[in-house]
Amino acid sequence: MKKQHLRAIVLLTSLAAVTAVVHEPAAAEAIGAKPNIILFLTDDQDKESIGAYGADVLTPNLDRLAREGMLFHRAYVSSTVCTPSRYTFLTGRYAGRSYSPMYHEACPPGTQGFPSFNVELEDDNMNVGAVLQQASYTTGYVGKFHVGPELKRPEHYEHFGLRFLPTDAQPDAAATAVFRHNEAWYRDFLTTKGFSWAKHIYWGNLQKPFAEHNPEWTIAAALEFIQENRDRPFYLHYCTTLLHGPDRSWRNSMDHPRASGAGLLDEPPDVMTDRSELLGRLAERGLDPMAGHAGNTWVDDSIGAVLNKLDELGIAQNTLFVFIADHGSRMKGSLFDFDGTNVPCIIRWPAGVKARSACRELIENIDFAPTFFDLAGADVPAEYVVDGRSLRPLFTGDEPDEWRDHLYFEAGFARAVVTDTWKYIAVRYPHEQIEAIQNARPEQLPRLMAYINRSGIGTRGSSNSNFFDADQLYNIARDERELKNLAGDPAYATQLARMRRLLTDDLKTFGRPFGEFVPGGNAAPPGLVDEQIAYVKRIKIEGKKVILPDGRTVDEKAGTARQQRQAERDRRRAAKRGTDSEG
C-alpha cells in the first residue's frame with residue numbers, strides 16, 4: 001500500500017485541501033445536514049480501564065459505543081502530559097510548533113524546543129472552536145482546559161483580575177465566592193479564544209479546597225449545551241477531570257457531591273446515575289472501587305448521560321461522538337506506546353462510521369481538528385497550520401488506498417517516531433541542561449534527566465529500564481512494552497538508520513535544532529552525559545522518592561514544610577491585597 005507521511009507542514013487553504021482524500025459521499029451527506037460533533041476527552045486513561053479493549057471492568061456505555069462505532073487500536077497522542085496534548089487536540093498541530101508568546105519565551109526561536117507545560121492557544125484563534133464557529137457551528141467548551149496562561153502565584157491571578165486562594169484555605173463560603181468569581185472569568189476567556197459558549201470550566205487540575213472530581217457538574221453543562229443547540233449544528237469540546245490522580249481519589253471524591261470548580265454547589269446536579277447506585281453495581285460485580293473501578297465506571301456513566309440525551313432529542317444518527325484520552329497514565333511523561341502515547345479511542349457516527357468495526361491504521365490527535373473541518377465543510381484560513389489529516393477515509397472500515405507510514409511524538413527533551421512495526425526514541429539534552437546534569441547531586445539526576453524535567457509524573461517511565469537511554473529502538477510487533485532496546489545491536493543498524501532518517505525529516509519541518517539531527521543553537525549531540533545515564537539507571541525511583549545505590553533515601557516531599565510556609569506567606573499577601581483594596 002502506498003503510504004504518505006507528515007514530513008511537510010500542511011497548509012489548509014480551502015475545503016479542497018482538507019478533503020483531498022475522502023471516500024464517496026457518506027450517509028450524512030445524503031441527509032444534507034452537517035453532523036454535530038462531540039469530542040469527549042478523558043484524563044490519564046489506559047486501555048485496561050475499558051471493557052471493549054478486553055478489560056474486566058464495568059463500562060457498559062463505552063462497550064455500547066464500540067458496538068455502534070469503530071474501535072481504534074493504533075490511536076496515539078503526540079505527547080504524554082496534559083498541556084501539549086490538549087493543545088494539539090484544539091489545533092491539529094504539534095505543541096512544538098506553537099508560536100504562542102509563552103512558548104517563544106520558554107524556547108526562543110533558534111533554540112531546541114521543549115514542548116511541555118509551556119504552550120497556550122495563540123491569540124490569532126487558529127483553533128477548532130474558532131474555525132468551526134465560522135462554519136456556522138455553535139462551539140462549546142466544558143470541563144478541564146489546561147492550555148492557558150500560568151496561574152500559580154498571587155501575582156498571576158492579580159494580573160488577570162482573578163482572586164487567589166492559598167492551598168490551605170478552608171472549603172467554606174468565602175472560598176466558594178473566589179472559585180465562582182474565577183470560573184466566570186474562565187468562561188469569558190474561552191469565548192475570546194473562539195468558542196461561542198463555555199461553562200463549568202476547570203482552569204487546570206483540581207485545586208484545593210475543592211479538589212474532588214464532580215463529573216455531574218460538567219455533564220450538566222454538556223447536556224444544557226446539547227439541549228440548547230439541538231436544532232443547529234454544534235461542536236462540543238468536553239474534557240472530564242477523570243481519571244486524573246490516584247485511583248483512591250476517585251472513590252473518595254464520590255463522598256463530596258457538592259464540591260466543584262465553582263466551589264460548593266447549592267445542590268448536586270441530578271443528571272447521572274446516583275453515586276451510591278454505581279457503587280452498588282460495582283459491588284455486585286465484585287469490583288473494588290478503591291482499585292480504580294469507581295473512576296472507570298464514573299467516566300462510563302458520564303458518557304451514558306450524553307448518549308441518552310442524544311437519543312432523547314433524536315439527533316444521535318447525525319452526531320459524531322469521539323471518545324479518547326489525552327494520554328495514558330502508567331507511562332505518563334514518557335514516549336513509550338503502552339499506557340503512554342497509545343490511547344483508547346472509539347468513534348461513533350451512525351450516519352457515517354461503520355458499526356462494529358475496528359481500525360489498525362496509525363492515527364494521532366493531530367488528526368481530529370482536520371477531520372472536524374472536513375465534515376463541517378469549513379473554509380480554513382490559508383495561514384492555519386495543521387499537521388494532521390482527515391480520518392474520513394477510515395470510517396468505512398475498509399483499508400484506505402493511501403495512508404501514512406509513521407507518526408511523530410514529542411515530550412520535553414525527547415522525540416520519537418513509530419511505524420507499523422518499529423519505534424525509535426531519541427533523548428537529547430541541550431547544552432544548558434547538560435551542564436546542570438554534570439553538576440548535579442546524585443539525587444537530582446532523575447528529575448534533571450526526565451524528559452519533562454520533573455520528578456513524579458516525569459519519571460514514571462523509569463519503571464522501564466531503557467527510559468534514560470539516549471537512543472532506543474524497539475520492534476513493537478514483537479515487544480509491545482518496549483522492554484528490549486535494540487539500538488546498540490549491530491544486527492539492527494540498518495533499521496536504526498531508517499528510523500533516524502524519518503525523525504530527521506520530521507524535525508526539519510519545525511525550524512528548530514535538535515541534537516545532532518538538526519544541529520545549531522543550544523542543541524548538543526549524545527554522549528556528553530553517558531556516565532550520568534549509567535548512574536541514574538541504578539537509582540530506584542518511587543514517585544518523588546529516590547533510593548540511591550549507596551542506600552540513601554531522598555524524598556522531595558520533605559520540602560512540604562517549606563511549601564506550607566510559602567502558602568502562609570501567600571495567604572498573608574492575598575489578605576493584605578484585600579485589605580488594601582477595601583481601603
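About the thresholds
- Residues numbered from 1 in each chain as written.
- Predicted model: local features only at pLDDT ≥ 70, side-chain atom pairs only at ≥ 80, totals over all residues.
- Heavy atoms only, no water.
- Helix = DSSP H or I, 4+ residues; strand = E, 2+ residues; numbered from the N terminus.
- Expected span 1.5 Å × (residues − 1).
- Buried < 20%, exposed > 50% of the residue type's maximum accessible area, 1.4 Å probe, protein only.
- Arc of directions from axis to C-beta.
- Contact = heavy atoms within 4.5 Å.
- Polar contact = N/O pair within 3.5 Å; in protein donor to acceptor, adjacent residues only side chain to side chain.
- Axes fitted to C-alpha atoms, helices over the stretch in contact; angles between N-to-C directions.
- Parallel < 35°, antiparallel > 145°, perpendicular 65-115°, else oblique.
- Left-handed = near helix turned anticlockwise from the far one by under 90°.
- Nonpolar A, V, L, I, M, F, W, Y, C, P; charged D, E, K, R; others polar.
- Pairing = 2+ DSSP bridges.
- Phe/Tyr/Trp six-rings, centres within 6.5 Å; stacked < 30°, edge-to-face > 60°.
- Salt bridge = Lys/Arg side-chain N within 4 Å of Asp/Glu carboxyl O.
- pLDDT = per-residue confidence, 0-100.
- Core = buried A, V, L, I, M, F, W, Y, C linked by side-chain atoms within 4.5 Å.

Asks: What should I look at first to understand helix α8 (residues 173–192) in this one?
Replies: Within an α-helix, residues lying three or four positions from one another point in the same direction, as the helix has 3.6 residues per turn. Spanning 20 residues, α8 covers 29 Å between terminal C-alpha atoms, matching the ideal 28 Å at 1.5 Å per step. When α8 is considered as a whole, its buried residues turn out to be A175, T176, V178, F179, N182, E183, Y186, F189 and L190. Buried residues of α8, seen end-on, are gathered within an arc of 155 degrees and therefore sit on one face of the element. When the buried face of α8 is taken as reference, the exposed residues oriented beyond 90 degrees from it are A173 and A174. For α8, the elements touching its buried residues are β5 (138–144), α7 (154–159), β6 (197–202), α9 (215–228), β8 (259–260) and β9 (263–264). With a side-chain oxygen lying 3.3 Å from the backbone nitrogen of A174, the N-terminal cap of α8 falls on D172. After α8 finishes, the residue G194 shows a positive phi value of roughly 110 degrees.

Asks: Is there a simple way to think about the side chain of S334 in this case?
Replies: Along the chain, S334 falls in the loop between β10 (319–325) and α13 (337–341). One polar contact links the side chain of S334 to the main-chain carbonyl oxygen of M331, over a distance of 2.7 Å. Leaving out residues up to four positions away in the same chain, S334 has contacts with T80, Y451, G461 and F467.

Asks: What is the right way to read the packing of helix α11 (residues 275–285) against helix α12 (residues 293–313) from this model?
Replies: Helix-helix packing is described using two parameters, namely the angle between the two axes and the distance between the axes. At a minimum axis separation of 10 Å, α11 and α12 run at an interaxial angle of 120 degrees. In terms of their interaxial angle, α11 and α12 are classed as oblique. The hand of the α11/α12 crossing is right-handed. Contacts between α11 and α12 involve R275, L278, R281 and L282 from the former and H293, A294, T297, W298 and D301 from the latter. Grouping the amino acids of the contact of α11 with α12 by side-chain chemistry returns 4 nonpolar, 2 polar and 3 charged.

Asks: Where do I start with the pairing of strand β18 (residues 471–475) in this structure?
Replies: Looking along a regular strand, one sees side chains alternate from face to face of the sheet. With 4 of 5 residues buried, β18 lies mostly within the body of the structure. Two elements, strand β17 (residues 422–427) and β18, share 5 bridges in a ladder whose sense is antiparallel. Across the sheet, residue Y424 finds its bridge partner in β18, namely L473.

Asks: Sorry, what's going on with the environment of K508 here?
Replies: Mapped onto the elements of the fold, K508 is located in helix α17 (residues 493–508). You can call K508 exposed: its relative accessible area is 57%. Linking K508 and N308, residues 200 residues apart in sequence, is a C-alpha distance of 47 Å.

Asks: Explain the sheet that holds β18 to me, please; I cannot follow it from the model alone.
Replies: By way of backbone hydrogen bonds, the strands of a sheet pair with one another, either parallel or antiparallel. Spatial ordering of the open sheet is given by β15-β16-β17-β18, a layout of 4 strands whose pairing is antiparallel. A single partner strand is all that each edge strand has here, and the edge strands are β15 (407–411) and β18. Strand-to-strand, the axes of this sheet are offset by a mean angle of 15 degrees, without reference to chain direction. Sheet strands touched by α17: β15, β16 (414–418), β17 and β18. Its angle to β17, the strand with the most contacts, is close to 65 degrees.

Asks: Quick question: what am I supposed to make of the environment of R64 here?
Replies: Mapped onto the elements of the fold, R64 is located in helix α3 (residues 60–68). Measuring from C-alpha to C-alpha, the distance between R64 and A75 comes to 19 Å, with 11 residues separating the pair along the chain. Those residues in contact with R64, other than ones at most four positions away along the chain, are L307, N308, D311 and R348.

Asks: In this structure, what is going on with the sheet that holds strand β11 (residues 345–348)? I would like to understand it.
Replies: The strand order across the open sheet formed by 8 strands is β6-β5-β7-β2-β10-β11-β3-β12, and the pairing between neighbours is mixed. Among the strands making up the open sheet, the edge pair consists of β6 and β12 (357–359). On average, each strand axis in the sheet is tilted by 10 degrees relative to the strand beside it, whichever way the strands run. In this sheet, β12 lies alongside strand β3 (residues 70–72) in parallel orientation, the contact comprising 3 bridges. Bridge pairing in β12 links M70 to S357.

Asks: What's the story with the packing of aromatic side chains in this structure? I'm lost.
Replies: The way to describe two aromatic rings as a pair is by their centre distance and the angle between their planes. Here the structure, examined in full by the defined rule, presents 35 aromatic pairs. On the numbers, 5.8 Å between centres and 55 degrees between planes, the contact of W422 with Y492 is tilted. Separated by 70 residues along the polypeptide, W422 in strand β17 and Y492 in the loop between β18 and α17 bring together distant segments of the chain. Here the aromatic rings of F467 and F468 are separated by 4.9 Å at their centres, their planes lie at 75 degrees, and the arrangement is edge-to-face. Note on accessibility: F467 and F468 belong to one class, buried. What links up through ring pairs into an aromatic cluster is the set Y141, F145, F160, W185, Y186, F189, F195 and W203.

Asks: It is not clear to me how the pattern of salt bridges should be interpreted in this structure. Could you clarify?
Replies: Note that side chains of opposite charge can pair when their charged atoms are close. According to the stated counting rule, one finds 36 salt bridges in the structure shown. Across the salt bridge formed by D374 and R392, the nearest N and O atoms sit 3.0 Å from each other. Taken together, the residues D374 in helix α14 (residues 368–376) and R392 in the loop between β14 (385–386) and β15 connect sequence positions 18 residues apart. Taking the shortest distance from any N to any O, the salt bridge between D469 and K537 comes out at 2.7 Å.

Asks: What is the right way to read the confidence of the model for the chain from this model?
Replies: Low pLDDT marks regions whose predicted coordinates should not be analysed in detail. A residue-level look at the chain finds 90% of positions with pLDDT of 70 or above and a mean pLDDT of 92. Segment residues 1–31 is flagged for pLDDT under 50; beyond a separation of four residues in sequence, or across chains, it makes 86 contacts in the model. In this model residues 577–583 is a low-confidence stretch, pLDDT under 50, and it forms 2 contacts with partners more than four residues away in sequence or in other chains.

Asks: Would you mind showing me how to read the pairing of β11 here?
Replies: On β11, burial covers both faces: C345 and I347 on one face and I346 and R348 on the other are all buried. Alignment of β3 against β11, held across 3 bridges, turns out to be antiparallel. Pairing of L71 across the sheet is with I346, part of β11.

Asks: Looking at this model, I keep getting lost on the nonpolar core. Mind explaining?
Replies: It is characteristic of soluble globular proteins that their nonpolar side chains tend to be buried jointly. Ranked by size, the top nonpolar core spans 97 residues in total, and within it F145, L320, I347, F368 and F372 carry the most contacts. Beyond its immediate chain neighbours, meaning those up to four positions away, L320 contacts N36, I37, I38, I347, R348, W349, V353, F372, L375 and F395. Membership of the second largest hydrophobic core comes to 42 residues, among which are I226, W250, M254 and F323.

Asks: Explanation requested: unusual backbone geometry in the structure shown.
Replies: Excluding glycine, most residues fall at negative phi; most peptide bonds, likewise, are trans. Cis geometry is found at the peptide bond from K208 to P209, where omega equals 10 degrees. Cis rather than trans, the peptide bond between L242 and L243 has omega equal to 10 degrees. Tracing the backbone shows L243 in the loop between β7 (234–239) and α10 (247–253). Residue D339 is not a glycine yet carries a positive backbone phi of 60 degrees. Assignment of secondary structure puts D339 in helix α13. We note that N453 has phi near 60 degrees; this positive angle belongs to a residue other than glycine. Mapped onto the elements, N453 comes out in the loop between α16 (445–449) and β18.

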